[in-house]
Structure formats: C-alpha cells, structure tokens
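Working through the structure, step by step
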Amino acid sequence: MTSQLHNKSAGWSALFAEPMSDLVKRYTASVNFDQRLWRVDIQGSLAHAEMLHAQGLLSAADWASIQRGMAQITQDIESGQFTWQLDLEDVHLNIEARLTALVGDAGKRLHTGRSRNDQVATDVRLWLRNEIDTLRGLLADLQRALVQVAEQNVDVILPGFTHLQVAQPVSFAHHLLAYVEMFARDDERLADVRRRTNRLPLGSAALAGTTYALDRERVARTLGMVDEHGQAQVCQNSLDAVSDRDFAIEFAAAASLVMVHISRLSEELIVWMSQNFGFIKIADRFTTGSSIMPQKKNPDVPELARGKTGRVVGHLMGLITLMKGQPLAYNKDNQEDKEPLFDTVDTLADTLRIFAEMLAGITVNADAMRAAAQRGYATATDLADYLVKKGLPFRDAHETVAHAVKAASVRGVDLTELPLAELQGFHASIEADVFEVLSLQGSLNARQTLGGTAPVRVREQIARHKGRLG
Ligand code: ARG
C-alpha cells in the first residue's frame, strides 16, 4: 500500500516524529468492529461524490472513477476478498485507501469538503435507520404471533394477579393482549427515534462547516433522509451534527423498554411453566434438560431473554455516560458508541425472532388455569358488586363479602359451594342468581367496560390489532 494513509505516523502530516506503538494502534483502532458499517460508508461516500460532481467540484471522469472503484470494493467485501488493515484504523480510512489504490487521484478527491467526523455520524445514522426498520418488522411479527394465540384463547380463563396473589379472573387472550399494547407502544417509540435518526450530518465537515459550496439537501435526498412530505432532513448546526449521539441513546432507551417488556413476559412464561402452575408448555426446542436431574425441562430461552435485558439496559447506561462529559464538538470518545449499539440491535433482533416463534407454539392448559382461578376467591369482588346493585354502599358490601370469604375458607370451600341459605345469612338480598355472578364466566362477562376482560370486548381488541397489523 503506497497510500500516505498507510502509516499514520507518516500519513497525517510531517508533524509526527514517531510511529504509534502496536498497543496504541490496537487501542485506538475501530476497524475490527466498525467494518460492519462498510455498506453505508460507501453509500454515504457515493452520495457525497455525486453532489460534488453536481456542484462542479468533481469532474465527470473522477466521479466515474469513484463509482467504478466503489463497485469493485463492494464486490471485494461481499466476496470476502477485502483485506481490512488495523494500520488504517477504521472502516472509513480502509475504504478510502483502497479506493485510492484502485482509481488514483479521484480517490483522494472524495474527501473534499468532508471529515471523518461528519462521515461517521452519517454512517451510524444510516445504519441505525435501516436496523430500526428491520426491528419494527420483527416487532410486528411478534405482535401478530401474540394476537394469533390470543384469538384461540378468548374463552380460556386464568387468575389475574396483583401482588402475585389471585385477584380476579381474566381471559388468557386479554392477558396476552396486554403485551401487544406494550409492543405497540415500543413500535411508536422506534418510529419516533427513526425520525430523529434520519437526519444528515454530512456537510458539517470536521466541526465548523466547509468552504466548498456543498448541497447538503441533495445528499440528504439521495440517502433517503427525508420526512414524510419528502422534505430533506439536514442537521442544522455543524458542531451539534458531528457530536450528537442523542439518537443512539434514544434508540438504546427504546430498545431497553422492548427488552423490559420481553423480560416481564419471560418471567410469566417461567412461572406459568413451573409444575406449581402448569398453565402452559413451550416447545421442547426452546428448553434444555439438566445434566443431573433427568426429569427437568428448563425454560432457558425466557431466562436468557430476562438476562439479556440487563445487558441491553447496560448498553443504555454505557451510551448515556459516554456523552455526559464531552465538550463540543467531536471527541474520540464517540468511537465507543458502536459496540453497544451493534450489540443492542443484535440482541433485540434475535430475541424478537425467537419469541415470535416460541409464543406461536405454546400449549395452553386451560383446565389448570381454570382450576387456579377457582381457588383463591377470585370472584369475591363480583359478590360485592352484586350487593351494591342491590343497594348496599360499596364499603359495606366489601365488608359483608369478607365475612363470607372467611367462612368459606374456614370450611375449605369456594363461595359457590356455600348453600344459598348460608349466603343469605350474610345478606338477605342475596338470591339464586348469585351463582351465575360468582362463576368465572359470569365474572368475565360482566367486565364490559372499554379495555375490560369480557370476551366481547377482547374480541373487539383482537379485531383492532389485526386491522392495525395487517
Ligand atoms: N473511527 C472514528 C469514530 O468511530 C471515526 C471518526 C474519527 N475522527 C477523528 N477526528 N479521529 O468515531
């Protein structure tokens, strides 16, 4: 490699009296991980060069050479022929050096009016924008899987919990749709983050803008950095443009929330799978055995997802801490934005994929759910509501039912197993229709408020989600 980029000590300028040690080279280089940005790096370079040409800052011949060189480099990287060099520090210098080796001076002209500071900020934004689009697709798949399982389980009743104590019976579909709501909000957040990610730093150069007559909006349009009206989206302050990583932090926050929702769901799957509940089974391919206890089937996938949530939340902490002490404008600290971002995307994508598949294949034990709801006086509130409708103030009704529950629990029976005469002992207004009210189905059917667990409402929600998710 004859390029002056080859040896940094000689390459930056004559200013440097000695070369970097191997340790410092390894410490400062990012090429081992940021080569992942190669495709968007080339995309950004081509958009920049095209604009330079359109502005009369690059000849037609040079523009053609750059396109030819980049096509060659693309082919080499795709086929694994490209040699990444640690000496060239990062993805940007590697590609530029190779371009110059391939097409000569045209390659050296590419960096006109540009700095690696606005280049890397552009690359990360382009890359993340594309990843957000993929993640949103995966999030929709997961929601569809949940809605599909919900649709098959509208009339399956399980105990709803508060404080993990049996509270009131709910439809299993209703429970699953609670997670669909969470993932729908996650999608809104990702869409919002995408909007602020999809803005162009290029043209800010190192920090202050540049003396060349660049057309930044043209570059933005070429790269698809436009709003919903097709308006070019360009970062408006050069100092901010090269140093802003808010979008990365926002993304990590949105990703953390997705993982927190996955983690809550994981916790429920783990509890539901335990022998003490026996509510569901997940397919064997998502579980592992124990090396010592032959009877075990462990819920490794949900457990790992719960664990990986800590890792993603950690990346959020890493990124936000990365920014807190930085003066304007670009600082090398920012090179540390990539690994947490990459790992967040990879962890989230794999988790979403595996959860969509795992949930679509769960086996539901409706009898175990119903039996659990039958224990624990889940319909006690219904009896109180019944008495209120007979004219009792709610607080008095609450107290009356507490006595009834106490009497039933002393005898080890359900409220429905107390004879009518005995129930009437707690309040004279209780009549034979109370048994319907005290049934699990009756309890569900009665909760018809918007957002309630009555099957009629749940079916409406399923229809709404199906319409929304297509
Ligand atoms: N590899 C660097 C990064 O990831 C590229 C920008 C370097 N700019 C600089 N002035 N050293 O941030």
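Quick note: structure is the one above.
Let me sum up the structure you'll find in this document. If you're wondering where the values come from, they're calculated on a predicted model, not measured in any experiment.

About the thresholds
Residues numbered from 1 in each chain as written. Predicted model: local features only at pLDDT ≥ 70, side-chain atom pairs only at ≥ 80, totals over all residues. Heavy atoms only, no water. Near = heavy atom within 4 Å. Polar contact = N/O pair within 3.5 Å; in protein donor to acceptor, adjacent residues only side chain to side chain. Areas by Shrake-Rupley, 256 points an atom, 1.4 Å probe, with all protein chains shown as cover. Helix = DSSP H or I, 4+ residues; strand = E, 2+ residues; numbered from the N terminus. Pairing = 2+ DSSP bridges. Contact = heavy atoms within 4.5 Å. Salt bridge = Lys/Arg side-chain N within 4 Å of Asp/Glu carboxyl O. Buried < 20%, exposed > 50% of the residue type's maximum accessible area, 1.4 Å probe, protein only.

Quick look at the site of the ligand
Every residue near the ligand is listed here: Ser30, Asp34, Asp90, His92, Arg116, Asn117, Val120, Tyr330, Gln335 and Lys338. Gln335 has a polar side-chain atom sitting 2.8 Å from a nitrogen atom of the ligand. For the ligand, whose unbound accessible area comes to 340 Å², protein coverage reaches 86%. Here the shell around the ligand gets three residues from one element, more than from any other, and that element is helix α8 (residues 116-151).

Digging into the pairing of strand β2 (residues 165-171)
Bridge count between strand β1 (residues 157-162) and β2: six bridges; the pairing is antiparallel. In the strand pairing of β2, Gly160 is matched with Gln168. Where β1 folds back onto β2 in an antiparallel hairpin, the turn is made up of two residues, including His163, whose phi is positive at roughly 55°.

Describing the environment of Trp63
By the element assignment, Trp63 lies in helix α5 (residues 60-78). Distance from Trp63 to Leu52, taken between C-alpha atoms, is 8.5 Å for residues 11 residues apart in sequence. Aside from chain neighbours lying at most four places away, what touches Trp63 is Leu46, Ala49, Glu50, His53 and Leu58.

Quick word on the pattern of salt bridges
Counted by the stated rule, this structure contains 34 salt bridges. Among the salt bridges present, the one from Asp90 reaches Arg116, with a minimum N-O distance of 2.6 Å. On the criterion of sequence distance, the pair formed by Asp90 in the loop between α5 and α6 (91-103) and Arg116 in helix α8 is long-range, its members being 26 residues apart. Arg116 sits in the partly exposed class, given a relative accessible area of 22%. Here the salt bridges do not stand alone but share partners, grouping Glu89, Asp90, Arg116 and Lys332 into one network.

Purely geometric stuff here, so don't read any function into it on its own.
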